[in-house]
Amino acid sequence: MLNLRTCVAKLRPLTASQTVKTISQHRPAAPRTFQQIRCYSAPVAAEPFLSGTSSNYVEEMYYAWLENPKSVHKSWDIFFRNANAGAAPGTAYQSPPPLSTSLSTLSQAQFLVQAQPNVDKLVEDHLAVQSLIRAYQVRGHHIAKLDPLGISCVNFDDAPVTVSPNVDLAVFKERLRVLTVGGFYGLDESDLDKVFHLPTTTFIGGNESALPLREIIRRLEMAYCQHIGVEFMFINDLEQCQWIRQKFETPGIMQFTNEEKRTLLARLVRSTRFEEFLHRKWSSEKRFGLEGCEVLIPALKTIIDKSSEKGVDYVIMGMPHRGRLNVLANVIRKELEQIFCQFDSKLEAADEGSGDVKYHLGMYHRRINRVTDRNITLSLVANPSHLEAADPVVQGKTKAEQFYCGDTEGKKVMSILLHGDAAFAGQGIVYETFHLSDLPSYTTHGTVHVVVNNQIGFTTDPRMARSSPYPTDVARVVNAPIFHVNADDPEAVVYVCNVAAEWRSTFHKDVVVDLVCYRRNGHNEMDEPMFTQPLMYKQIRKQKPVLQKYAELLISQGVVNQPEYEEEIAKYDKICEEAHARSKDEKILHIKHWLDSPWPGFFTLDGQPRSMTCPSTGLNEEDLTHIGQVASSVPVEDFTIHGGLSRILKTRGEMVKNRTVDWALAEYMAFGSLLKEGIHIRLSGQDVERGTFSHRHHVLHDQNVDKRTCIPMNHLWPNQAPYTVCNSSLSEYGVLGFELGFAMASPNALVLWEAQFGDFHNTAQCIIDQFICPGQAKWVRQNGIVLLLPHGMEGMGPEHSSARPERFLQMCNDDPDVFPKLDDFDVRQLYDCNWIVVNCSTPANFFHVLRRQILLPFRKPLIIFTPKSLLRHPEARSSFDDMLPGTHFLRVIPDSGPAAQSPKQVKRVLFCTGKVYYDLTRERKARQMEADVAITRVEQLSPFPFDLLEQEAQKYPAAELVWCQEEHKNQGYYDYVKPRLRTTINRAKPVWYAGREPAAAPATGNKKTHLTELQRLLDTAFNLDAFKDLA
Ligand SMILES: Cc1ncc(C[n+]2csc(CCOP(=O)(O)OP(=O)(O)O)c2C)c(N)n1
Ligand SMILES: [Mg+2]
């Protein structure tokens, strides 16, 4: 229906008042043309029912009839048949038969139809041509010659690549059968020279509106079945489809000047000779070379040049191993000696951390784009081996860069993502990232994806690696056009890349360039491909390198001559040799030269923190009160909130009056105060706006006006930084990666990702394991991202209970057996750690740890296990007094009750963290053991507060030491805490355990069992004889 509508709209050539004269002025009459306009060749006004106002209706009828003559009333059918057959003015119309049709009238109508025997054929032929055009547009890519090796199953080996003007139907029969399913829509040899009017859904005509069928086929073959396969007809936007048609169908549109051809050749020379140089110098080193897809370099440079021309001045790229060194050298323009020196095994590491191998490191470079003469910054994000994991990170960083420069439409900053064919099809994160592409708080306004489709993934061929025809099918979900292109045709590649960049700058939507190529060597240069792909590699051995092919072509065209070509090669080889000589002087590998996101001004010039102190994270009473008041109000006029929410805000208001905060208010105060200091805050995750547990309510919804919302946090201060709070797509891997990337761009933002429940973070494990935990060690890149992970055993069953603290703690880099020798644990210990893990038991401490995250002079990831039931627990409140200037985050909260008053009498110290503290104090009170048992809360688990816990242990000399947790013994904190506590006390005493027994699942789903387990652990915790026999 949509299609028919457009057809009609686009084909509408005339209004009813136009005459033959005006028609013939606009449309050159072609002999034997089947023209829709023919029906107007009679002065239409002569028909009794035609007038200016009825013309639209008539046209509707006409085009509906063209599609299917039976779809209109018989009277229209007859009229159009007659008009088409050239009936004299005023005679085409036959009044319809009366309702009580007499046989004689019907036969009269039938007579009229039969009187025009060729009309049916003409209509059918016309429709057949339209369908044929559409078939090429939809399925032309199936028979395009995309595979340089000619082995791909979607290719027909006999497919002609250059089409002679004398299209021979015998040659095309088979192709057309494939395209049209079941033949040629009734057309045959005899129709080839008939001239057909072209619909406006094609551009093959150029300036002509009608062409002989032979020429139509030839032009469609040229547009859709050569070295470019355009997959776009699934896009449900007509303007976008038209745009693409125009880019590929317009005759002669793919033209290159000699200058452009020479530039392309020079880029291919660099790409090819770079790999050859590395191969010559380090033949036994892995480099994941680009041979077989050397065209990637000109492809990327084209995308960057075109984007720069359109106004982009910052391109952020993510890519896997393949060709990475080449991209660094020839696209980003990293100094060659910096690359070459990495092949020297004697090179020492100068910086902290373990560093990473050369094909994982990132890069940042600002330079002049020579083609556009404009400044351009290029950044390649460091990536782990885990394929595609960098995708959301690149997007997050891009979003942040756009955000900081006010680029709300993606006109200045863009991302390019490179993919391997196997990884693009196989990794779910690709899909998750695509689904971020059009969400308001996550869009980067279009990414250009380039797939190095070498038709193999390590040793696995596509038949075994994916179920979709192309590796790129995943992109169809977001209506991204996909341009498949034979990578052995450099001009086709460059053309497609230009179109891709233009698409992005026109529609700000994702687009995919699928470079169909091959991999000349094994997976790496040490790998033997013939073990597993013998026939493919026999074919590859025969394959002439693309540079050689293209050079021969340009020489044959007289664009360059042999000496010029050789000179170009010699020139680049010399550049490489000279850089190689210089690289030998590099004795030290500075990983910090490979930073993808420098933070100018944040560190000293040597990359050190500007201080090693952290100011008080407290806040003055006035600000606390002000933030509290805004948090409990609706700061805009005429805004009706839900009654239940009014009550929540009222309670908040009362808390503020009483100078107390709960969890939600503490968070409000931390955020609100940082915003005042110009720190941007971004909180993202599933349902974070309200909060999974309905405690936050950062976005108010007008109950009477659809989509009218208010974010009070953005109404706090006159010149405050903006606050972004956004519900995310239901993806942990994608969204956490995205936020990590966002946090990477600037140290002056607090970026938080909240899991719906803590356990769901495991679907983002790759981001945690590969980026967050080791990012600084691998890439000298700090990151202050905060993970909020709701955690706690509350009888909700195995699925919603544990944020898996044991996993985070296991990956902490502090030594369990060594008591650190530090003057200042507060800050120095944080500086040395890989991340900070906390479980706060009070809102005030939560407030402080969030503020500390920004007030520290360096950035570390912060993992916070956040509460669920404590959000509303009447005791889990803090006074303003604990948040005033001079107060700070408490790494340990010692007991302050009777036990602490007479510590020598204390028989047991229970060390714990998080919510179990409230169970323990309740139980202690019930058992009246407040003087016997001290309870010490470890709020910062890692880095472990050795110093403070030592003081605690010393304070209670006669006491047994017990670690108490609500988690199972093989989970939670025990394995982490025990050896460290033992180190703290110099192993002078045992550290006992009170908690749940080891288990496979994180929690029971049975409420009764849950309560029994809890009681049992409390019994152990307060049974002073519990460990007697074990001592
Ligand atoms: C998530 C993940 N799984 C497995 C691997 C191991 N691996 C490294 S390269 C590779 C093949 C990748 O094939 P493709 O994406 O087509 O890229 P190509 O090497 O062909 O350029 C595999 C399986 C990996 N790096 N990451
Ligand atoms: Mg591959």
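Residues numbered from 1 in each chain as written. Chains lettered and ligands numbered in written order. Predicted model: local features only at pLDDT ≥ 70, side-chain atom pairs only at ≥ 80, totals over all residues. Heavy atoms only, no water.

1. Considering the coordination of the magnesium ion (ligand 2)
As a benchmark, a tetrahedral metal site with four donors has ideal angles of 109.5 degrees, while an octahedral site with six donors has ideal angles of 90 or 180 degrees. Where we set the bar: A donor here means any N, O or S atom no more than 2.8 Å from the metal (3.2 Å for Na, K and Ca); water is not included, so a site may seem to lack partners. Classification of residues uses two cut-offs on accessible area relative to the type maximum, computed with a 1.4 Å probe and protein chains only: under 20% is buried, over 50% is exposed, and between them is partly exposed.
Taken together, the protein ligands of the magnesium ion (ligand 2) are Asp421 (OD), Asn454 (OD1) and Ile456 (O), with distances of 2.0 Å. Ordering the donors of the magnesium ion (ligand 2) by residue number gives the pattern D-x32-N-x1-I. Of the two residues, asparagine 454 and isoleucine 456, neither departs from the other in class, the shared state being buried.

2. Things to note about the site of ligand 1
Under the convention used in this document: Residues are counted as near a molecule or strand when any one of their heavy atoms sits within 4 Å of it. A 3.5 Å cut-off defines polar contacts: any pair of N or O atoms within that distance qualifies, except that in protein one atom must be a possible hydrogen donor and the other a possible acceptor, and neighbouring residues in sequence count only when both atoms are side-chain atoms. For the accessible areas, the method is Shrake-Rupley and the probe is 1.4 Å, while residue cover comes only from the protein chains on display. Numbering of helices and strands runs from the N terminus; a helix is a DSSP stretch of H or I covering at least four residues, while a strand is a stretch of E covering at least two. Think of it as three bins: nonpolar holds Ala, Val, Leu, Ile, Met, Phe, Trp, Tyr, Cys and Pro, charged holds Asp, Glu, Lys and Arg, and polar takes everything else, Gly as well.
Of all residues adjacent to ligand 1, which total 15 residues, the nearest are His321, Arg322, Ser385, Asp421 and Ile456. Measuring from an oxygen atom of ligand 1, one finds a side-chain N or O atom of arginine 322 at 2.8 Å. Contact between ligand 1 and asparagine 454: an oxygen atom at 2.9 Å from a side-chain N or O atom of the residue. For ligand 1, whose free accessible area comes to 590 Å², the fraction covered by protein is 75%. For the shell around ligand 1, the element with the most residues is helix α15 (residues 421-426), which contributes three residues. Across the shell around ligand 1, the residue classes tally to five nonpolar, eight polar and two charged.

3. Re the state of the cysteines
Keep this limit in mind: What counts as a disulfide here is a pair of cysteine sulfur atoms lying within 2.5 Å.
By the definition in use, this model includes zero disulfides. Lacking any disulfide linkage, cysteine 833 is separated from the closest cysteine sulfur, that of cysteine 812, by 7.7 Å. A residue is classified by how much of its surface remains accessible, and cysteine 833, at 4% relative accessible area, is buried. Just so you know, cysteine 912 is unpaired, no disulfide at all, and the nearest cysteine sulfur is the one on cysteine 964, 6.6 Å from it. We classify cysteine 912 as buried; its relative accessible area is 0%.

4. Overview of the environment of aspartate 975
Selection criterion: When checking whether two residues touch, look at their non-hydrogen atoms; a contact exists if any pair is within 4.5 Å.
Along the chain, aspartate 975 falls in helix α34 (residues 974-984). Relative accessible area serves as the criterion here: at 56%, aspartate 975 is assigned to the exposed category. The sequence separation of aspartate 975 and glutamine 810 amounts to 165 residues, and the corresponding C-alpha distance is 8.4 Å. Not counting chain neighbours up to four residues away, the residues in contact with aspartate 975 comprise Lys969 and Asn970.

5. Considering the environment of cysteine 225
Tracing the backbone through its elements, the reader meets cysteine 225 in the loop between α8 (213-224) and β4 (228-231). The sequence separation of cysteine 225 and arginine 175 amounts to 50 residues, and the corresponding C-alpha distance is 10.0 Å.

6. Observations regarding the confidence of the model for the protein chain
Selection criterion: Every residue carries a pLDDT, the predictor's confidence in it, which falls somewhere between 0 and 100.
Of the residues in the protein chain, 88% have a pLDDT of 70 or more, and the chain-wide mean is 89. In this model residues 108-115 is a low-confidence stretch, pLDDT under 50, and it forms seven contacts with partners more than four residues away in sequence or in other chains. Every residue in residues 153-160 is under pLDDT 50, and counting partners more than four places away or in other chains gives 21 contacts.

7. Quick look at the sheet that holds strand β19 (residues 749-754)
Put simply, the test is: Only strands that DSSP links by at least two bridges are regarded as paired with each other. Comment: axis = line fitted to C-alpha atoms, over the contacting stretch for helices; angle = value between 0 and 180 degrees taken between N-to-C directions.
Taking strand neighbours across the sheet as the criterion, the seven strands line up as β18-β15-β19-β20-β22-β21-β27 in an open arrangement whose pairing is mixed. A strand with exactly one partner marks an edge of an open sheet, and here the two such strands are β18 (723-727) and β27 (940-942). Adjacent strand axes in the sheet meet at a mean angle of 20 degrees, parallel and antiparallel pairs treated alike. As paired elements, strand β21 (residues 836-838) and strand β22 (residues 862-866) share three bridges and run parallel to each other. Across the sheet, the residue bridging to valine 837 is isoleucine 863, located in β22. Across the sheet, helix α30 (residues 843-855) lies against β19, β20 (786-790), β21, β22 and β27, angled at about 165 degrees from β22, the strand it touches most.

8. Considering the packing of aromatic side chains
Operational definition: In this analysis, rings of Phe, Tyr and Trp, with Trp reduced to its six-membered ring, are considered paired at centre separations within 6.5 Å, and the interplanar angle assigns stacked below 30 degrees, edge-to-face beyond 60, and tilted for intermediate values.
Scanning the model with the defined rule gives 35 aromatic pairs in all. Ring geometry for phenylalanine 248 and phenylalanine 483: centres 5.3 Å apart, planes at 50 degrees, overall tilted. Of the two residues, phenylalanine 248 sits in helix α9 (residues 238-249) while phenylalanine 483 sits in strand β11 (residues 482-486), which places them 235 residues apart along the sequence. A relative accessible area of 0% places phenylalanine 483 in the buried class. Look at tryptophan 599 and phenylalanine 602: their rings are 5.7 Å apart centre to centre, the planes differ by 80 degrees, and that puts the pair in the edge-to-face class. The pair formed by tryptophan 599 and phenylalanine 602 is uniform in burial state, with each residue classed as buried.

9. Overview of the environment of histidine 888
Looking at the element boundaries, histidine 888 is found in the loop between β23 (878-879) and β24 (892-893). Using a relative accessible area of 42% as the deciding quantity, one classes histidine 888 as partly exposed. Counting along the chain gives 270 residues from histidine 888 to glycine 618, while the straight-line C-alpha distance between them is 6.0 Å. In this structure, histidine 888 is in contact with Thr617, Asn845 and His848, ignoring residues within four places of it in sequence.

10. Here we look at the sheet that holds strand β28 (residues 960-968)
Spatially, five strands are ordered β24-β26-β25-β28-β29 in an open sheet, and the strand pairing comes out mixed. A single partner strand is all that each edge strand has here, and the edge strands are β24 and β29 (991-996). Running over the sheet, helix α32 (residues 916-926) touches β25 (908-912), β26 (933-938) and β28 and is turned about 170 degrees from β26.

11. Topic: the pairing of strand β8 (residues 374-380)
Among the seven residues in β8, five count as buried, and that is most of the element. In this sheet, β8 lies alongside strand β5 (residues 314-318) in parallel orientation, the contact comprising four bridges. Of the residues in β8, the one forming a bridge with valine 315 is leucine 378. Of the pairings in the sheet, the one linking strand β7 (residues 363-369) to β8 comprises seven bridges and is antiparallel in character.

12. Concerning the pattern of salt bridges
Condition: One speaks of a salt bridge when a side-chain nitrogen belonging to Lys or Arg is within 4 Å of a carboxyl oxygen belonging to Asp or Glu.
In the structure shown here, the tally under the stated rule is 55 salt bridges. When salt bridges with common partners are traced through the structure, they connect Lys121, Asp125, Asp191 and Lys194 into a single cluster.

13. As for the pairing of strand β9 (residues 413-420)
In terms of burial, β9 is largely enclosed, as seven of its eight residues are buried. Judged from the five bridges that link them, β5 and β9 form a sheet pairing that is parallel. The residue bridging glycine 318 from the neighbouring strand is leucine 417, located in β9. One ladder, built from six bridges, connects β9 with strand β10 (residues 447-453); its direction is parallel. The residue of β10 that forms the bridge with leucine 417 is histidine 449.

14. A look at the packing of helix α6 (residues 119-143) against α8
For any two helices packed against each other, the geometry is given by the interaxial angle and the distance between the axes. As a reminder, the rule being used: By the definition adopted for this analysis, an angle is roughly parallel if under 35 degrees, roughly antiparallel if over 145, roughly perpendicular if from 65 to 115, and oblique otherwise. Two helices cross in a left-handed way if the nearer one is turned anticlockwise from the farther one by less than a right angle. They cross in a right-handed way if the turn is clockwise.
Two numbers describe how α6 lies on α8: the axes approach to 10 Å, and their chain directions differ by 15 degrees. Viewed along their axes, α6 and α8 adopt a mutual orientation that is roughly parallel. Crossing of α6 over α8 shows right-handed handedness. Along its contact with α6, which presents Val129, Leu132, Ile133, Tyr136, Gln137, Gly140 and His141, the element α8 presents Leu213, Ile216, Ile217, Leu220, Glu221 and Tyr224. Residues of the contact of α6 with α8, tallied by class, amount to nine nonpolar, three polar and one charged.

15. Brief notes about unusual backbone geometry
In this structure, proline 943 follows serine 942 across a cis peptide bond, with omega equal to -5 degrees. Structurally, proline 943 can be placed in the loop between β27 and α33 (946-955). Of note in this structure, phenylalanine 288 is not a glycine but carries a positive phi near 50 degrees. Here phenylalanine 288 lies in the loop between α10 (258-281) and α11 (296-309).

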